[in-house]
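Spelled out, the chains give:
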Amino acid sequence: MSLALADDPVQFAISVDGEPVVIDNKPVAQVKPEKVRQVENRAQHRARRTDVDLNDVDIQVKFDGLDTRPVLNVATDDIEESFKTGDRIRFFTASNYPAYIDRAEIRVFGEDDNLTPESVPLAVVPAKLNGETEWDVPPVHDGDDALIYVLRVYGKNGLYDETRSRVIWLETPERLQDMVDDDGDLATDIAVDEALSATTIGVDNVQGALDMSEDYALRRNIPVVGGTVTVYGRNVPGDYQVRTLGDDVEVDDDGSFVIQRIIPNGEHSVDVSVDKPNGETAVEFSRDIDIPDSEWFYMGLADLTIGQRTGSHNIEEVRDEEYDEVYTNGRVAFYLKGKIKGEYILTAALDTEEDDLADLFPGLDERNARQLLKELNADDYYPVYGDDSAAIDDAPTSGKFYVRLQHHDSHIMWGDYRVRIDGTELQNTNRALYGAQAVYQPDKATSFGAPQTQLQAYGAAPDTLSAVDQFLGTGGSVYFLNHSDLTADTETLTIEVRNPDTGVVVSSSTLAYGEDYTIDYIQGVIILTDPLASKTGTTSAVRFGAIGGNDVYLVAEYDYTPVIEDVDGTVYGGRAEQWFGDHLRIGVTGSSDGTGEDTKDAYGADVRLRYSDSTFLDAEIAKTHGAASGQSISMDGGLTHTDLNTNDIGKSALGWRLAGQVDLADINENAEGLIQAYFEDKQAGFNSLTEDLNAPQMQWGISANAELSDTLSLALSYDYFDSESYYNEDSHSYVVGSSKQQGDLSLTRQIDERWALSGGLGYTLQRRPSETTVATYGDDGERLDLGIRAEYTLDDEESTVYVFGQTTVFDKGNIERGDRGGIGTSYQITERLGLDGEVSYGTTGWGGMAGVSYKPNDTDRYYVNYVLDPDRAYDWNQTYDLYGQDLRTVVVGAEQRMNDMWSVYAENNYDLYGERNTMSRTYCVKFEPDAIWTVDAAYEGGMVDDDTIDPITGLKNTDFDRDSFSLAFNYDDDEENGIVARLRGEARFEDSEDGTDDIDSYLI
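Residues numbered from 1 in each chain as written. Predicted model: local features only at pLDDT ≥ 70, side-chain atom pairs only at ≥ 80, totals over all residues. Heavy atoms only, no water.

> Please provide a residue-by-residue account of the overall build of the protein, values included.
When helices and strands are counted, the protein shows 6 helices and 61 strands. The 1004 residues of the protein split such that 45% are buried. Of the contacts formed within the protein by residues at least 6 apart in sequence, a portion of 60% connects residues at least 24 apart. When the accessible area of the protein is evaluated, it comes to approximately 50,800 Å², of which 51% is carbon and sulfur surface. (Helix = DSSP H or I, 4+ residues; strand = E, 2+ residues; numbered from the N terminus. Buried < 20%, exposed > 50% of the residue type's maximum accessible area, 1.4 Å probe, protein only. Contact = heavy atoms within 4.5 Å. Areas by Shrake-Rupley, 256 points an atom, 1.4 Å probe, with all protein chains shown as cover.)

> Got a sec to walk through the nonpolar core? Specific residues and values, please.
Of all hydrophobic cores here, the largest spans 29 residues; its most connected members are Tyr97, Ile106, Trp135, Leu151, Val153 and Ile168. Those elements that provide at least two residues to this core are strand E5 (72-76), strand E6 (88-95), strand E7 (103-110), strand E8 (123-126) and strand E10 (146-154). A total of 4 residues in this core trace back to one element, the largest contributor, which is E10. In this view, tyrosine 97 contacts Pro70, Val71, Leu72, Val153, Asp161, Arg220, Val224 and Ile262; residues no more than four positions away in its chain are not counted. Listed in part, the 22 residues of the second largest apolar core include Leu465, Phe471, Ile519 and Ala556. (Core = buried A, V, L, I, M, F, W, Y, C linked by side-chain atoms within 4.5 Å.)

> Can you explain the sheet that holds strand E14 (residues 227-233)? Please cite residues and give values.
An order of E4-E14-E17 is seen for the 3 strands of this open sheet, with the pairing classed as antiparallel. In the strand order of this sheet, the two ends are held by strand E4 (59-63) and strand E17 (257-263), each with one partner. Neighbour-to-neighbour, the strand axes of the sheet open up by a mean angle of 15°, direction not taken into account. With 7 bridges connecting them, E14 and E17 associate as antiparallel partners. In the strand pairing of E17, valine 229 is matched with arginine 261. (Pairing = 2+ DSSP bridges. Axes fitted to C-alpha atoms, helices over the stretch in contact; angles between N-to-C directions.)

> Describe a negative patch on the surface, and please don't skip the residues or the numbers.
On the surface, a cluster of negative charge is contributed by Asp961, Asp991, Asp994, Asp997, Asp998 and Asp1000. Inspection of the secondary structure puts aspartate 997 in the loop between strand E60 (979-992) and strand E61 (999-1003). (Patch = residues over 30% accessible without salt bridge, like charges linked within 9 Å, V, L, I, M, F, W, Y side chains within 5 Å. Salt bridge = Lys/Arg side-chain N within 4 Å of Asp/Glu carboxyl O. Lys, Arg positive; Asp, Glu negative; His and termini not counted. Charge placed at Lys NZ, Arg CZ, Asp CG, Glu CD.)

> A description of the pattern of salt bridges should follow, citing residues and the corresponding values.
With the rule as written, the count across this model stands at 41 salt bridges. Between arginine 103 and glutamate 105 there is a salt bridge, with its nearest N and O atoms 3.3 Å apart. Classification of arginine 103 as partly exposed rests on a relative accessible area of 46%. Here glutamate 105 falls in the buried class, since its relative accessible area comes to 8%. Across the pair glutamate 791 and arginine 789 runs a salt bridge, and its minimum N-O distance is 3.0 Å. Taking the relative accessible area as the measure of exposure, arginine 789 reaches 5% and is therefore buried. Via salt bridges that share partners, Arg575, Glu577, Arg585 and Asp606 belong to a single interconnected network.

> An account of the packing of aromatic side chains is requested, with residue identities and associated values reported.
Scanning the entire structure with this criterion turns up 20 aromatic pairs. Considering the side-chain rings of phenylalanine 91 and tyrosine 149, the 5.0 Å spacing of their centres and the 65° angle between planes classify their relative orientation as edge-to-face. Of this pair, phenylalanine 91 sits in strand E6 while tyrosine 149 sits in strand E10, placing them 58 residues apart in sequence. The two residues phenylalanine 91 and tyrosine 149 agree in class, both being buried. For the ring pair tyrosine 923 and tyrosine 939, a centre distance of 6.2 Å and an interplane angle of 15° mean the geometry is stacked. (Phe/Tyr/Trp six-rings, centres within 6.5 Å; stacked < 30°, edge-to-face > 60°.)

> How would you sum up the sheet that holds strand E29 (residues 478-480)? Please name residues and give values.
Strand order in the open sheet formed by 3 strands is E29-E33-E32, and the pairing between neighbours is antiparallel. Unpaired on one side and paired on the other, E29 and strand E32 (517-520) mark the two borders of the sheet. Between one strand axis and the next, the sheet turns by 20° as a mean value, whatever way the strands run. Strand direction decides the pairing type here: E32 and strand E33 (residues 525-528), joined by 4 bridges, are antiparallel. When the sheet's bridge partners are listed, threonine 518 is paired in E33 with isoleucine 527.

Remember, this is a structural readout, not a statement about activity or role.
The following block contains the structure:
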């Protein structure tokens, strides 16, 4: 311990480790010995004296335990400032685990960069951790609105952590004009936000009132093992500076400060100094802290009841000797969490619930029947607390027992967990289970941040079934699942953009609960935050169909409890993958699911040859055996579902796949573009997450996008799909084959900043011999289309207006011509009001779409979507035939927070195509009169009016109606009186014209 005292000492007294250093504002050497002994005799324990004396001077050093939460963040000093070439930018970095970091750097990229771990930065700036770093803006491309940057920190073994990207705004004449008001002054914050929202990046990455204590990490690979130490104080004199834990600490205006760091296990000295404004040290001291290897928290209870019932001989016994036997009931429960040797975390919990002693411990591996209560999401009915508190289930289990032993990113456990296998396209899995799981992932990574080794194994005996429902977007937000009574938190929702001809997934994104959707687990209803369109639309010069573009699907994976049958069987599987250097990855995957009517097995292997993150080749082979189950598809938002598992093949089937892409920048650094290709071949009976093939299938495709010059770009694609004719010996049924080829070539010239002109060709060849009736005219033939498109960008640089036209220059066979012309716009009226619209006319009639969305604030939204697509009848993916004329699809929805007590939501969806019309409607009302009571009422209904004829039976398809009502009450007075009560009732009525689907269900 060392001490330095200035000539003008700070006005307080302090002793450290029991030794007085300042008494009555005087150095101890200037105080009488009797007075020194008086101070020394006040302490009763040396360690206690340190804490007490530090508290007297409002400075404390505290060990907060072994529960570590790493923080990594970066920001610039002013978001309202824009920069030009040569300007100096100040970055500020923050991390609470510098002891594990060897070096740090800020990586700066261009605005249009799609960041990956291997993206080449414009600049790499060595950064000072927990300090300030300066950098001068280099020359940038004309027209660039911004640069983006990340903070990357390196630890041992090449492991690194990295933040998400943030924005550096660049000076442009347009932005400067938007940010200056009529008087020439900087506009208000609201005006600045509106100006920034006009950029291509948007305001989400703006570092506004940034809290540098928040974690902003995107990638984490550095293992952080140790304990958390906090140093904090109050009443530090004005203009004085505090330094501790190796960093200068900012002192607030009221003289308070706080700093927290994660420190490795072992003994450490925490130095604290208080410096005068002139830089001289006023006081400094050192506090010894021991970060232990182990820390434990545990609690438990045991309850035992022994008794005997007695009664007169006249009492009728419900069971033999009911009043003679002695009964013994009990309950055992505990929770335990601790860290072993500073690296292993053990979490365990047990709750047998009250039962007969003989039945307490048998069946620890079985799911608890009371898990139905978890399907009532507490967040839907609990009021929002004002203390920013949160409840965390640290031992999630659907049974009586939970245990988990974790070492960095590896663990072994029993309880609730989610299996995620996504390194393979043919055997990807994402399912929530209750059982055993083991994951091994050592602390070694490739140069681009991927774990070198990953092993995963799992096993469970679930009493629920899994299902995968696929929904073609309806333009609305409400979708009805094929099953009700879902197991809470088992769902995974994904938006997939698919090639309409081959079904190949072009892109996908996983949705987040609360942000992107809400779900009613009991009724099985999903409400998306934003409506989901059925088509992406197209910017190509030639379109296939009245609307054009790829199909958009919502894919829902979930577990549910069947109404009648008991679930029996096991689920197990695993995956292992290993990177050999940075360019070769080999993986093997296997799984078995015996919970359905038949056991489904799948196993396979995959290889990735990687040149860079954007140039690679994947090869995969997989074999499946047994029939799949639980797969369905819906074209009307879930009012009707078509079962995909009807082929009854059930034999072994092989599937293999090749896919790759080449980034032209990896060949020539000045080139811009991407070439992609794929090939798939699957036997009849092959099944995966979203398909169950009833015939052999082969498909391939190639696409390319390239910038030929600064003003000329090329886009081309060609896809081939073939489904062979196949005779199913098991079901004695015959499937007639079909094939389709489709390609397009487009050249786009950017004439100036506003105008762009595109021209191209589109080719279609389709063979479907079984469809030769008038109703499906257009399914067998070929044609070549020629098209042109002109687009104009408006002054806001975001809104566009376009016109297009195309004509068929060659056609042959039974196929419609592709003549069509139209006009459209995408117009951002205000920051919160947008309009998209298009109208066209062609061979198949009028087509068009219109959408208006308005978000006046963060809680309210209103939307109307209209689609007229006469070519829907020719879509091979339709699960039912469409006859007649498309009369439109209309979706109207609104969500509003009316006041502090009332909020409402409603959506109506009308799909009117010829002889088959559907309608769905949803209404929800929530009433919160105070912080204790919550009332939630909802109605969800649907109707199918189907006058089409079933081609198999020759009979009219049945009409269908569905109505469901729910009412929920929640009373939460836990803080005042310890009373919490919930009541929810649901009634669901399904009625079909022929009585085959009549179901009434009730739940309280």
